[in-house]
Amino acid sequence: MSDELLAAEGLEKIYRDGIKEVRAVDGVSLRIKRGEASAIVGPSGAGKSTLLHMLGGLDSPTAGKVYLDGADIYGLSDGRRARIRNREIGFVFQFYHLLPEFTALENVMLPALMSGKRSGGKKDIKERALDLLRAVGLEQRLGHLPSELSGGESQRVAIARALINRPKLLLCDEPTGNLDSKTSESIYELLLGLQSGYSTTIIIVTHDENISSRVGNVVLLKDGKAL
Ligand code: ADP
C-alpha cells in the first residue's frame, strides 16, 4: 500500500456569475499521507470549503484531478464516486446535521444501517456505535435527542457518526465554527486523539491558525491559491 492516500493536481473551481468570474480554488496541488493530520487554513473566502468539498468527492472541479488511493475520483461514474464517498470518507461540518427525531445512538448507527450488508448486522453496528460514543465521551447521552444535547455534545455525535463506516479519510469543515473557545479546544483534542488512536487520515478546514502547530501538515490558502 502506498504511503499516499490523497492527492490533488492542479485543482481549480471557477464560479461564473454573469460576466463575473470567481476563482474560488485556483490551481491547488497537494499530497496527503496515510494516517497524517492536516489543516487547510486561511481567511474567510479563501476557498477552503470549496477545496475540501472537491477533495471529498462532493463537488466537481472545473479543472484538475483528485486521486483517492490512486483512483481518479472524478473520472468515475457518479454512482461509483457516491459509493466511495459513503464508504471511505467521513464528513464533519460546522452545523452538526443530526436528525432531530433520532437519538444520539441512532444518529451514529444510521450511515452504517444505510450502507447495507457490507457494514455488518444491526448488532455489530450497535456495538460499533456504542464504542464510538464511548470514545467521544458520550456514554451518558446515548438515548438523548439532538435537542437535548449541547453544541459540543452534538459535534461529538457527528464525529462518531462520521467514523461509523470506518472511513479512510475524515474531512472536517470548520468543526468548531459554532462553538466557544473552550469547547473548540476539546473538539480539536478529540479529533487529533482519534486521528492517532484510530490511525484515520484527517483534514481540518479552519480559519483558526492555532491548529497549525498541532498537525503534521498545513496548507495555507489565500485567494484560492496554496501558499
Ligand atoms: P472559505 O471556505 O475559505 O470561506 P469558500 O470556499 O466558501 O471559502 O468560498 C471561496 C470563494 O468562492 C468566495 O469568494 C465565495 O463567495 C465563492 N463561492 C463559494 N461557493 C460559491 C457558489 N456556489 N457560487 C458562487 N460563488 C461561490
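Residues numbered from 1 in each chain as written. Predicted model: local features only at pLDDT ≥ 70, side-chain atom pairs only at ≥ 80, totals over all residues. Heavy atoms only, no water.

A.B. asks: Help me understand the site of the ligand in this model?
C.D. replies: Residues in close proximity to the ligand include Tyr-15, Val-22, Ala-24, Pro-43, Ser-44, Gly-45, Ala-46, Gly-47, Lys-48, Ser-49 and Thr-50, which together make up its full environment. Note that an oxygen atom of the ligand is positioned 3.0 Å from one of the backbone N or O atoms of Gly-47. A distance of 2.5 Å separates an oxygen atom of the ligand from a polar side-chain atom of Thr-50. Isolated, the ligand exposes 560 Å² of accessible area, and the fraction of that covered by the protein chains is 57%. At the level of elements, β2 (20-33) and α1 (48-55) are the ones that each hand at least two residues to the shell around the ligand. Looking at the shell around the ligand element by element, the count peaks at 3 residues for α1. Of the residues contributing to the shell around the ligand, the split by class is 5 nonpolar, 5 polar and 1 charged. (Near = heavy atom within 4 Å. Polar contact = N/O pair within 3.5 Å; in protein donor to acceptor, adjacent residues only side chain to side chain. Areas by Shrake-Rupley, 256 points an atom, 1.4 Å probe, with all protein chains shown as cover. Helix = DSSP H or I, 4+ residues; strand = E, 2+ residues; numbered from the N terminus. Nonpolar A, V, L, I, M, F, W, Y, C, P; charged D, E, K, R; others polar.)

A.B. asks: What is the right way to look at the side chain of Ser-184 in this model?
C.D. replies: Here Ser-184 is to be found in helix α6 (residues 181-197). Ser-184 sits in the buried class, given a relative accessible area of 8%. When neighbours within four sequence positions are excluded, Ser-184 is seen to be in contact with Thr-176 and Leu-179. (Buried < 20%, exposed > 50% of the residue type's maximum accessible area, 1.4 Å probe, protein only. Contact = heavy atoms within 4.5 Å.)

A.B. asks: Help me out: how do you make sense of the packing of helix α5 (residues 151-163) against α6 in this one?
C.D. replies: Relative placement of two packed helices is described by the angle separating their axes and the distance separating the axes. With their axes 10 Å apart at the nearest point, α5 and α6 run at an angle of 15° to one another. It follows from the interaxial angle that α5 and α6 lie roughly parallel. Regarding α5 and α6, the two cross each other, and that crossing is right-handed. Contact residues: Gly-152, Gln-155, Arg-156, Ile-159 and Leu-163 in α5; Thr-183, Ser-186, Ile-187, Leu-190, Leu-191 and Leu-194 in α6. Its residues placed into classes, the contact of α5 with α6 shows 6 nonpolar, 4 polar and 1 charged. (Axes fitted to C-alpha atoms, helices over the stretch in contact; angles between N-to-C directions. Parallel < 35°, antiparallel > 145°, perpendicular 65-115°, else oblique. Left-handed = near helix turned anticlockwise from the far one by under 90°.)

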